[in-house]
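Summary of the model geometry
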Amino acid sequence: MTLRIGIAGISGRMGKLLAEEVAAAGAELAGGIGREGDAGALFAASDVVIDFTNAASADAHAALAAQHGRPLILGSSGLSAAQEAAVARAAEGVPVVYAANFAPGVNLLFALAERMAAALPPEQYDAEIVEMHHRQKVDAPSGTAVGLGRAVARGRGKTLEEVGMESGRDGHTGPRGTGPIGFAALRGGQVVGEHTLLFAAGSEHIALTHRAFDRRVYATGAVRAARWAVRQPPGLYDMKHVLGMA
């Protein structure tokens, strides 16, 4: 039976690429909605829904996924703690793949970041994350940058909230604190996505960088996640699970 994939956010740049990748994967496009549309009908008509809209829709779409018993692939960034809690509640009844980034290379970067952070103590190695995106991006730091920060914090046995974030430095800020992770967000042109994680010590610097040159890599990864999710039990997953890295 052909897999029916619905797309929330089909009118955007990513939505159009997703529709192409659904066809390339041999699946059926069950339908799509843009800024307006009947989201409930989309979930009812689909075997799985990919959501690349925005944070404001995340909790409502998660609730619809649970109501209709449909797996959800969520690629929106900038979710609040309350919205993430709503996504987690939905995952108690259906598979939800919630990822900061669907590119395989970025998820490998997350894994490397966690391992490196475990080996490089914060008292000696400051962690700084620099990201750049196109001028239309509305949230900062990016979801991928936050994902990198969470990976660094996990490697050091803490949460990102526990270690703290430093961003928007301006003026006389005083010396850098020991432990917090620094974030810098650059915006301009049509940059698809660039992320660099830097561990800086007094005697050495180590940098990991990922650059995306085509948004299609995210669409391909999301469709791969959709095909994977329909075979899974309820739960909250990310791309590490899809790629067999968890």
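Residues numbered from 1 in each chain as written. Predicted model: local features only at pLDDT ≥ 70, side-chain atom pairs only at ≥ 80, totals over all residues. Heavy atoms only, no water.

1. Some details on the pairing of strand β3 (residues 48-51)
Both faces of β3 are covered, namely the face carrying Val 48 and Ile 50 and the face carrying Val 49 and Asp 51. Bridge count for β3 against strand β4 (residues 72-74) is three bridges, and the pairing is parallel. Among the inter-strand pairings, Val 49 is bridged to a residue of β4, identified as Leu 72. For the handedness criterion, the β-α-β arrangement of β3, helix α3 (residues 55-68) and β4 is classed as right-handed. (Buried < 20%, exposed > 50% of the residue type's maximum accessible area, 1.4 Å probe, protein only. Helix = DSSP H or I, 4+ residues; strand = E, 2+ residues; numbered from the N terminus. Pairing = 2+ DSSP bridges. Right-handed = clockwise from strand over helix to strand, strands pointing away.)

2. A few points about helix α8 (residues 216-229)
The end-to-end C-alpha distance of α8, which contains 14 residues, comes to 20 Å, matching closely the 20 Å that a straight helix rising 1.5 Å per residue would cover. Those residues of α8 that sit buried are Tyr 218, Ala 219, Gly 221, Ala 222, Val 223, Ala 225, Ala 226, Trp 228 and Ala 229. (Expected span 1.5 Å × (residues − 1).)

3. Comments concerning the sheet that holds strand β6 (residues 126-133)
If you trace the five strands from one edge of the open sheet to the other, you get β7-β8-β6-β9-β10, paired in mixed fashion. Each edge of the sheet is formed by a strand with only one pairing partner; in this case those strands are β7 (165-167) and β10 (205-212). Strand-to-strand twist in this sheet, taken as the mean axis angle between neighbours without regard to direction, amounts to 20°. With six bridges connecting them, β6 and strand β8 (residues 181-187) associate as parallel partners. Within β8, the residue paired with Glu 128 across the bridge is Gly 182. (Axes fitted to C-alpha atoms, helices over the stretch in contact; angles between N-to-C directions.)

4. Overview of the side chain of His 61
With respect to the helices and strands, the residue His 61 is situated in helix α3. With near-sequence residues (within four places) excluded, His 61 lies in contact with Ala 8, Ile 33, Ala 39, Phe 43, Asp 51, Thr 53 and Leu 72. (Contact = heavy atoms within 4.5 Å.)

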